[in-house]
Amino acid sequence: MSHKTKTHILENISVPSILKPAGPAPHVAGSKVIVTLGPPCRDTSTLVGMLNAGCTAVRVDLTWGPVEYHKQSLRNLAAACKATDKLCAVIVDTVGRELFIRRPITLDDQGWPEHTQDLPIKTGQELIVTSDQNVTATPTLLPINHPQFASHMCREGDQLFIGRYLTNGAEASSLYAEVREVRGQEVVCVAQNDAMLGGLLTVIHSELSERGMSSLQMDLPAFTASDAKAIQDIAAECEIDYVALTYTCDDSDVVEMRDLLDSAGLQRVKILAKVENRQALANFAAIAAAADGVVLSRGNLGLDVLPEKTAIIQKAAITACNLVGKPAIITRVVDTMVTAPRCTRAEATDVANAVLDGVDAFMLGAETLRGLYPLECVRTVLSIAHQAELVFDHAHHFEMLLQAAMQGDGLDDSSSHGLDHAEARSLGGSPPGDSPRAGRLASDQAAPAEAPAAPGANAGGRGGAAPGGTTADTLAGAARAIAAGIGGIVGVTANGGAGGRNEAGADGGAGTQAPRNAPSESSGGDAAGAAAAGQGSAAPPVHPGLPPIHPARPAAALRRALPGSASGSPTHARGMPAKGGAGHFGSMHAVSSFGSLPRVRSSASLTGRKEGPSMSKVESIASTAVRAADKIQAGLIVAYASTGRTASLVAKYRPTMPILTLVVPAAPTGGAVASRDALTLARQCLIVRGLIPMLGVPLAAGGVGTESLLAQAVAAASGRGLIKPGSHVVAVMSYRGDLVLQVVSVDDLGQGIRAFDRGSASDLSKDAHTRAQAVPIA
Ligand SMILES: Nc1ncnc2c1ncn2[C@@H]1O[C@H](COP(=O)(O)OP(=O)(O)O)[C@@H](O)[C@H]1O
Ligand SMILES: C=C(OP(=O)(O)O)C(=O)O
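Residues numbered from 1 in each chain as written. Chains lettered and ligands numbered in written order. Predicted model: local features only at pLDDT ≥ 70, side-chain atom pairs only at ≥ 80, totals over all residues. Heavy atoms only, no water.

The protein is annotated in an unreviewed UniProt entry as Pyruvate kinase of Elliptochloris bilobata. Listed under Sequence similarities (unreviewed entry) in UniProt, the entry text for the protein is "Belongs to the pyruvate kinase family." As stated in UniProt under Cofactor (unreviewed entry), the record for the protein gives "K(+)". (UniProt positions renumbered as here; feature names shortened; annotations may be inferred.)

Structural data, given as structure tokens:
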């Protein structure tokens, strides 16, 4: 069967009706805005302004700035949250596989690193990018942070992009250069345009011309030792809710980060995979299944794919995330507002279109990291998003996703393995071809010391037998759609109809657990120390966020690159998932994240025939809640939460009304740990479209609740203007161990609830097994 792929916009909009003045934007219920903290916005009073304007999450980016600077930003944020009585999610973004030019820096009085010197470049001039870590940058000699850049990555004919970090690619500060020759440590390039290179210079070896799919950059460790240390340093003092994993290439990267977080006692921290090149698109299904959400890094991605493909990729990727109910975030929405108080028409349209595509959140980068109008950016994006939400075709979205979930999108096995060469080419240029250099790197690097992986550690993550694969299969279809440059849903179902394996997912928890392995690089030293160590005593000071990339790679990356290894020949390394091997999507995270509820099956499956419609029970209840809320025109859905999975699945169906996510710690006795976990989950909701968190705090020992938790929550929501007296509420909660829906109405005073349907609806929540008190936040 096939799904419609039309834009999610109501059909009956009349042009004049658009002129009606818009009401105020609801600041927290709809699409979310995440800001990157930097000098223009990290002081407490600006943060207060941004929280009041509706920003619900911040990112600190380890790519730039010392850890202490970021900690101070987060301390300021904590003060701003306290002052506004709001919650704000915190995302820490890794350096990972980024390539940089190493240049001298100075620190301003706040400790923020700056480059004082700009480098003028003229079209046609020769310049050298060198792997030598001990030279000082000049306009003709640019030292790169990767010691093997010349020896292993570059060759004649390659294209390099050198531009300011978070550049939009069209600025005067961006340089395209063609590689003419590689001489020892030196890559000799010719400038293709005039540029004034300034700020932190990132290098993108985008290889639009060739081999982009097998870039050895992606065989570097998924995160650096400095990343690992910085995350732990920050977490020791500040709350971290998400780690954003730069240049995620496949699901094993997510597993490696998961292992690090778990072993550091940060089990509750979730992972956002940053999708920033074609390899990530090739592995999109597995990545989105393994991660807790996806950031489509449109700046970097835009340098690695053809411009004519970008909109299509965005639609397919967002749809793929929507299908599995995981947050989709996009970057680079109002670049112009770095220097102007208004966005362009194109940017305004882009934001609105992303909402219509189904995005959850917008991540502001340069706009707030160094922009002049951080507050205006937040307001602008939220206002545009709000207008688009008003015309979003919820019913179409609902039906489309319900159909997909019901079908289980039975994909044939061949669809589960990402792109083939032809598909990858269609995104970025000419054939990736085999990569002889992959073999070279592997043999060169077999010797260096590497942290021994625990037995089976990575094999478990990549190949652990998942008992089926609804999540991954669905995503795989969308990944194919990305490859084919069509809407995700079409891709999913075009391959469907064949049934496929519909059983797993919700039966999860049974996936093979990969043993926890140590962080890939065990030695520490902070970023500054690592940078200094890399350049020797004579070297100029380099900013602390730029450690040299360690040449040794973890065993997993090495194995991937070894010819004939189980996880892929050099051609497959990173970029090309091998055909065959049904366990490819068997990441434990993919499976367990679907919970352990039994699935609702069609009679066809029960009679042993090939699987027919099939949906997990939790998803069945979540979608029913949305349908019921729509039917009775409820003003609010309440989703009780301990892991947030149910609430995410409700959000997946994009109801018109907000979803009050009532976080009730699973531990019946409560306590500090349970409360802290509850707060973390509450903040984590703040990147998901439609979710508004509220805390269900367990009553102190001996305390007796006189009102049901639901009544308290509804009263609090009413007090905050989220719902009006007399309107209806659909709640998803547990009742005697089962997941149920309850429909109630707000009482006439807005101070509690009454039965929705006289006589039949009892207040189930009175029998709740947890006694708690609803505490509104934000
Ligand atoms: N009727 C209720 N009254 C009080 N607490 C409830 C009620 N229903 C569910 N809860 C609590 O809310 C939380 C919901 O968790 P769960 O249903 O597992 O959602 P999730 O999908 O977030 O894991 C649990 O801590 C549960 O004990
Ligand atoms: C690299 C990033 O994004 P983009 O690729 O959109 O610049 C980022 O925001 O960290």
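The discussion continues.
## Describing the sheet that holds strand 4 (residues 99–100)
One open sheet holds the seven strands; their spatial order is 4-14-10-11-12-8-9, and the pairing between them is mixed. Two strands close off the open sheet at either side, each with one partner strand: strand 4 and strand 9 (141–143). Pairing of strand 10 (residues 159–164) with strand 11 (residues 174–183), which is carried by five bridges, proceeds in the antiparallel orientation. Bridge assignment links F161 to a residue of strand 11, and that residue is Y176. (Pairing = 2+ DSSP bridges. Helix = DSSP H or I, 4+ residues; strand = E, 2+ residues; numbered from the N terminus.)

## Here we look at the packing of helix 10 (residues 345–357) against helix 12 (residues 374–391)
Running from N to C, helix 10 and helix 12 cross one another at 45°; their axes reach a closest spacing of 8 Å. Classified by the angle between their axes, helix 10 and helix 12 sit oblique to one another. Crossing geometry of helix 10 relative to helix 12 is assigned as right-handed. Residues A348, V351, A352, V355 and L356 of helix 10 form the contact with helix 12, whose own contacting residues are V381, I384, A385, A388, E389 and V391. (Axes fitted to C-alpha atoms, helices over the stretch in contact; angles between N-to-C directions. Parallel < 35°, antiparallel > 145°, perpendicular 65-115°, else oblique. Left-handed = near helix turned anticlockwise from the far one by under 90°. Contact = heavy atoms within 4.5 Å.)

## Remarks on the sheet that holds strand 1 (residues 32–36)
Here eight strands make up a closed barrel; going around it, the order is 1-2-3-15-16-17-18-19 and the pairing parallel. If you compare each strand with its neighbour and ignore which way they point, the axes differ by 25° on average. Judged from the four bridges that link them, strand 15 (residues 242–245) and strand 16 (residues 270–275) form a sheet pairing that is parallel. Residue pairing in the sheet places Y242 in a bridge with K270 of strand 16. Sitting on the sheet, helix 9 (residues 307–324) is in contact with strand 17 (293–296) and strand 18 (328–331), with an inclination near 150° to strand 18.

## Digging into the site of ligand 2
Near ligand 2 you find 13 residues, and of these R59, K274, N300, T331 and R332 are the closest. In the model, an oxygen atom of ligand 2 is placed 2.5 Å from a nitrogen or oxygen of the N300 main chain. R332 is positioned with one of its side-chain polar atoms (N or O) 2.7 Å from an oxygen atom of ligand 2. Isolated, ligand 2 exposes 290 Å² of accessible area, and the fraction of that covered by the protein chains is 98%. (Near = heavy atom within 4 Å. Polar contact = N/O pair within 3.5 Å; in protein donor to acceptor, adjacent residues only side chain to side chain. Areas by Shrake-Rupley, 256 points an atom, 1.4 Å probe, with all protein chains shown as cover.)

## Here we look at the packing of aromatic side chains
In total, this model carries four aromatic pairs according to the counting rule given. Between the aromatic rings of F398 and Y653, the centroid separation amounts to 5.3 Å while the plane-to-plane angle is 55°, which identifies the pairing as tilted. In this pair, F398 sits in helix 13 (residues 394–407) while Y653 sits in the loop between helix 24 (645–652) and strand 23 (659–663), placing the two residues 255 residues apart along the sequence. On the basis of relative accessible area, F398 is assigned to the buried category, the value being 6%. Of the residues examined, Y653 reaches a relative accessible area of 0% and is grouped as buried. Within the aromatic cluster, the residues linked to one another by ring pairs are W64, Y69 and W112. When the ring centre of Y69 is taken as origin, the NZ or CZ atom of R42, which lies over that ring, is 3.6 Å away. Its guanidinium or amino end placed over the ring of F392, R689 lies 4.6 Å from that ring's centre, counting from NZ or CZ. (Phe/Tyr/Trp six-rings, centres within 6.5 Å; stacked < 30°, edge-to-face > 60°. Buried < 20%, exposed > 50% of the residue type's maximum accessible area, 1.4 Å probe, protein only. Lys NZ or Arg CZ within 6 Å of the ring centre and 35° of its normal.)

## Focus on unusual backbone geometry
In the Ramachandran plot, Y247 falls in the positive-phi region, its phi being about 50° despite a non-glycine side chain. Its place among the elements puts Y247 in the loop between strand 15 and helix 5 (251–263). One non-glycine residue, Q633, adopts positive backbone phi at about 50°. Secondary-structure assignment places Q633 in the loop between helix 23 (617–631) and strand 22 (636–641). Overall, Q633 belongs to the exposed group, its relative accessible area being 66%.

## Some remarks on the nonpolar core
In this structure, I231 and F362 are the most contacted members of the largest nonpolar core, which totals 89 residues. In terms of residue count, helix 12 provides more of this core than any other element does, seven residues in total. (Core = buried A, V, L, I, M, F, W, Y, C linked by side-chain atoms within 4.5 Å.)

## Points about the environment of I9
Relative to the assigned elements, I9 resides in the segment before strand 1. Residue class for I9 comes out partly exposed when judged on its relative accessible area of 32%. Separated by 386 residues in the primary sequence, I9 and A395 place their C-alpha atoms 9.9 Å from one another. Ignoring sequence-local partners within four residues, the contact set of I9 consists of L356, V391 and D393.

## A look at the environment of D747
Residue placement: D747 occurs in the loop between strand 26 (738–746) and strand 27 (753–755). Residues D747 and K724 lie 23 residues apart in sequence; the distance between their C-alpha atoms is 9.1 Å. Other than its neighbours up to four places away in sequence, D747 contacts P725, G726, G752, I753 and R754. Looking at D747, its side chain comes within polar contact range of the main-chain nitrogen of Q751, at 2.8 Å.

## Structural notes on the side chain of S174
The residue S174 is located in strand 11 in this model. Judged by its relative accessible area of 3%, S174 falls in the buried class.

## Side note on the pattern of salt bridges
For the structure on display, the rule yields 27 salt bridges. Between K274 and D93 there is a salt bridge, and its shortest N-O distance comes to 2.8 Å. Highlighted residues: K274 in strand 16 and D93 in strand 3 (residues 89–93), separated in sequence by 181 residues. K617 is paired through a salt bridge with D738; the nearest N and O atoms lie 2.4 Å apart. (Salt bridge = Lys/Arg side-chain N within 4 Å of Asp/Glu carboxyl O.)

## So, the pairing of strand 14 (residues 201–204)
Burial of strand 14 is two-sided: the residues L201 and V203 facing one way and the residues T202 and I204 facing the other way are all buried. When strand 4 meets strand 14, the two strands line up antiparallel, connected through two bridges. Of the residues in strand 14, the one forming a bridge with F100 is T202. Across four bridges, strand 10 lies against strand 14 in antiparallel orientation. Note that in strand 14 the partner of I162 across the bridge is V203.

## Thoughts on the layout of surface pockets
Summary: where empty space remains is shown by rolling a probe the size of a single water molecule over the atoms. Of the pockets and cavities examined, the second largest pocket occupies roughly 870 Å³. Around the second largest pocket, the lining is made up of 45 residues, and of these R298, G299, N300, G302 and R332 lie nearest the centre. When residues of the lining of the second largest pocket are traced back to their parent elements, those giving at least two are strand 10, strand 14, helix 8 (298–304), helix 9 and helix 10. Tallied by class, the residues present in the lining of the second largest pocket amount to 18 nonpolar, 15 polar and 12 charged. (1 Å grid on protein atoms, 1.4 Å probe; cavity = no way out; pocket = protein on both sides within 12 Å on 5 of 7 lines; lining within 4 Å. Points joined across faces, edges and corners; volume = space filled by probe spheres on them. Nonpolar A, V, L, I, M, F, W, Y, C, P; charged D, E, K, R; others polar.)

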